[in-house]
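Summary of structural features
The lines below spell out each chain.
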Amino acid sequence: MGSLSTFDEPLLYPTARRDEAVVDDYHGVMVPDPYRWLEDPDSEETKEFVGNQMILTDSVLKTCDTREKLHENLTKLYDFPKYDTPFRAGDKYFYFHNTGLQPQNVLYVQDSLDGNSETLLDPNTLSEDGTVSLSIFSVSEDAKHLAYGTSSSGSDWVTIKVMQIEDKTTEPDTISWVKFSTICWTHDNKGFFYSRYPAPSDGEKFDAGTETNVNLHHELYYHLLGTDQSEDILCWNDPDNPKHTRLASVTEDGKYILLYTYENCDPVNKIYYCDITMLPNGLEGCQGKKELLPFVKLVDNFDASYQYVANDDSIFTFLCNKDAPRSKLVRVDLKEPTSWVEILEENKTDVLESAVAVNGNQILANYLSDVKNVLHLRDLQTGALLCHLPLDIGSVSQISCRRKDSIVFIGFTSFLVPNIIYVCNLELEVPQLRIFREIVVPGFNKNEFEVHQVFVPSKDGTRIPMSIVARKGICLDGSHPCLLFGYGGFNVSITPYFTVSRILIAKHFNVVFCIANIRGGGEYGEEWHKAGALAKKHNCFDDFISAAEYLVSGGYTQPKKLCIEGGSNGGLLIGACINQRPDLFQCALAHVGVMDMLRFHKFTIGHAWTSDFGCSDNEEEFNWLIKYSPLHNVRRPWDKPFYKVIQYPSTMLLTADHDDRVVPLHSLKLLATMQYVLCTSRERSPQTNPIVGRIECKAGHGAGRPTQKMIDEAADRYAFMAKMLDAPWID
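Throughout, a residue's number is its position along its own chain's written sequence, starting from 1. Side-chain atom pairs in this predicted model are given and counted only at pLDDT of 80 or more, local residue features only at pLDDT of at least 70, and totals for whole chains, interfaces and linings cover all residues. Derived side-chain values reflect all non-hydrogen atoms in the structure, with water molecules and hydrogen atoms excluded from consideration.

1. Quick notes on the sheet that holds strand 35 (residues 512-516)
For clarity, the cut-off: What makes two strands pair is DSSP finding at least two bridges between them. The numbering of helices and of strands both runs from the N terminus, where a helix is a DSSP run of H or I of at least 4 residues and a strand a run of E of at least 2. Helix axes use the C-alpha atoms of the stretch in contact, all axes being lines fitted to C-alpha atoms, and the angles between their N-to-C directions lie in the range 0 to 180 degrees. Here, residues are in contact when the closest pair of their heavy atoms is within 4.5 Å.
Strand order in the open sheet made by the eight strands is 32-33-35-34-36-37-38-39, with mixed pairing throughout. Lying at the two open borders of the sheet, with one neighbouring strand each, are strand 32 (449-457) and strand 39 (691-696). For this sheet, the mean angle separating the axes of adjacent strands, direction not counted, is 20°. Where strand 36 (residues 562-567) lies against strand 37 (residues 587-591), five bridges are found, and the strand directions are parallel. What sits directly across from G566, in strand 37, is A590. Across the sheet, helix 1 (residues 44-61) lies against strand 38 (650-656) and strand 39, angled at about 110° from strand 39, the strand it touches most.

Here it is in structure tokens:
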């Protein structure tokens, strides 16, 4: 792979100023940071750097001869009707639908499932270019009002508005500075709870979406309809713990408000409750008062995850992983808060991902078994199994139901199934899944492909599940282009899902597409998560590298035909792996990655990630981070005679100017570093594989991206991949 020359003429990389004076002292270790200036997104120098990189990347993409074909065919393949599962509120049904190429999905309302539907909220009317998206929403209990939060250009910042459902008029209510929030209506339909950060102080430089300021002092508020935000009731804050975040939910009987508090991104939380019915004058009586709501502390330490399932007055059922890393159901009476009873014990092999109360006294339990979902219908009181609801191998994407209803909607997807929405009547003696809607992609024939799962031994012998999607009957002669995807962090499980772009490259480039379910995710519960976090983070990289080696040894591909891809924490994965094994890959696509592991906690919500990564402020944790931080481990492989490779893989770092989750500085600093270390002094550097950055404008971390931007980006990155892997287009 190392001798492959992608371009006959050398690329002319922009020169980026190095400030050698910037050096940080980490516990006696001096670490230079010559591109610190790229941390200021508003400086003219940063803007010039970004502009020059965009010109360079465009020049490279113009040489990718399959780019136009990819764009044309992706546009055709994306153009199919898309539906989400319906949900009920009051006596109405609601659902999201996209006719095909609309930038954003549209919210519809109907009085009955077979009745006429009407457009309730079309986010495509909120901006000319489709970059304003709907991020959170909630319908009032009487289905008369919709509270909805929109974000611009993919930012995490949200503005909440209120609409009357009957006449679709927008109320004057406007709620700003909302982030990492839900919207929870009280059952009297008078208002809703939400979470927010304090507004920036006067004179503070702030451009929502492009700022890098640390997010601190998350607070819970209640908004009464028809009032100004300045009159909203502060329900809870905690000045002594400024990094904590909090979410609220209202119980299905409307009696209690539950407050979930999170210390960081670890899936553990405190849980407090407040009996709304005991407030002397209701929530309206709290307006103008300085006292917080009288929350009662039910769980006041961060020892496990607790998620509400159901309650009968003061008797609550929770999904919990205390002493049960694969989760269980427990019950407690608020009148005896120290007495917890186990209702459904932890499964010995499968993870209980969710439990939803339905049909009065039943629960739909969703298990993850070897990276595929399994559904059980169980008794709410005893946990006893009533029946299985059979599914094909794949993922439950959505479960939509209310406890008082007997009808449940279930969304299902897999690598070869775009989306099936099932409906199930639980009043039947033998409940069965019936297809309510099946999404069809014109031109896609799932019978042309096959999927199988393998278990790959990692460096320490741990078996890592990996799904492999390929054309039927491929010959395992090592000739195929291959795309390996991974994530491995924050307890996130990567289950089978349908992706138009990957189906297209499998069809027209004969690409073998694979997902490695490496440690750090939630595929086997909290133990699997912790086995890839903190001091054990390196297991993630070992697992991913072992998966790549398996694909080579198994005859699926060879290093010069292998591309790796990941986003966010998965972008970190890609950055670390190309540093550690540049000989194993020919191409790398790293989306919105966390690349500076010594300073990530200093920007926006980065401080919450210390639960998975650790923090360089701590000496022991600094010593973990410095060993794999992508920014700090770029090395010229040709300086190491024991390496079999003489250059890095072709690399595209993708970021966006409004990503206020993993701010662009991570990718920009790594891009400048890689180009300097690997690509300068061209007469002495054997690095001919390009190192480029794709920087999207008016986009964020990924959520809310309009359809056209998704098509454009997929066409660019996979055209780049195809050229670097020398993969011809196949009609």
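2. Let's talk about the packing of helix 5 (residues 538-553) against helix 6 (residues 569-580)
Rule in force here: When describing relative orientation, an angle under 35 degrees is termed roughly parallel and one over 145 degrees roughly antiparallel, while 65 to 115 degrees is termed roughly perpendicular and anything else oblique. Two helices that cross are described as forming a left-handed crossing if the nearer one is turned anticlockwise from the farther one by less than a right angle, and a right-handed crossing if clockwise. Here the term charged refers only to Asp, Glu, Lys and Arg, the term nonpolar to Ala, Val, Leu, Ile, Met, Phe, Trp, Tyr, Cys and Pro, and the term polar to all other amino acids, Gly among them.
Contact geometry of helix 5 with helix 6 gives a least axis separation of 10 Å together with a crossing angle of 70°. Comparing the axis directions of helix 5 and helix 6 gives the class roughly perpendicular. In this structure, helix 5 meets helix 6 at a crossing whose hand is right-handed. Contact residues: H538, C540, F541, F544 and I545 in helix 5; L573, I574, A576, C577 and Q580 in helix 6. Class assignment for the residues of the contact of helix 5 with helix 6 results in eight nonpolar, two polar and no charged.

3. Looking at unusual backbone geometry
Leaving glycine aside, a negative phi is the common case for residues, and trans is the common case for peptide bonds. With a phi close to 55°, S153 is a non-glycine residue in the positive phi region. Inspection of the secondary structure puts S153 in the loop between strand 9 (145-152) and strand 10 (158-164). Of note in this structure, N510 is not a glycine but carries a positive phi near 60°. Counting through the fold element by element, N510 comes out in the loop between helix 3 (500-508) and strand 35.

4. Here we look at the environment of F295
Topologically, F295 is positioned in the loop between strand 18 (270-275) and strand 19 (296-299). Between the C-alpha atoms of F295 and V451, which are 156 residues apart in sequence, the distance is 50 Å. The residues touching F295, leaving out its near neighbours within four places in the chain, are L220, C235, W236, I257, L259, Y272, Y273 and C274.

Any link to function would need more than the numbers given here.
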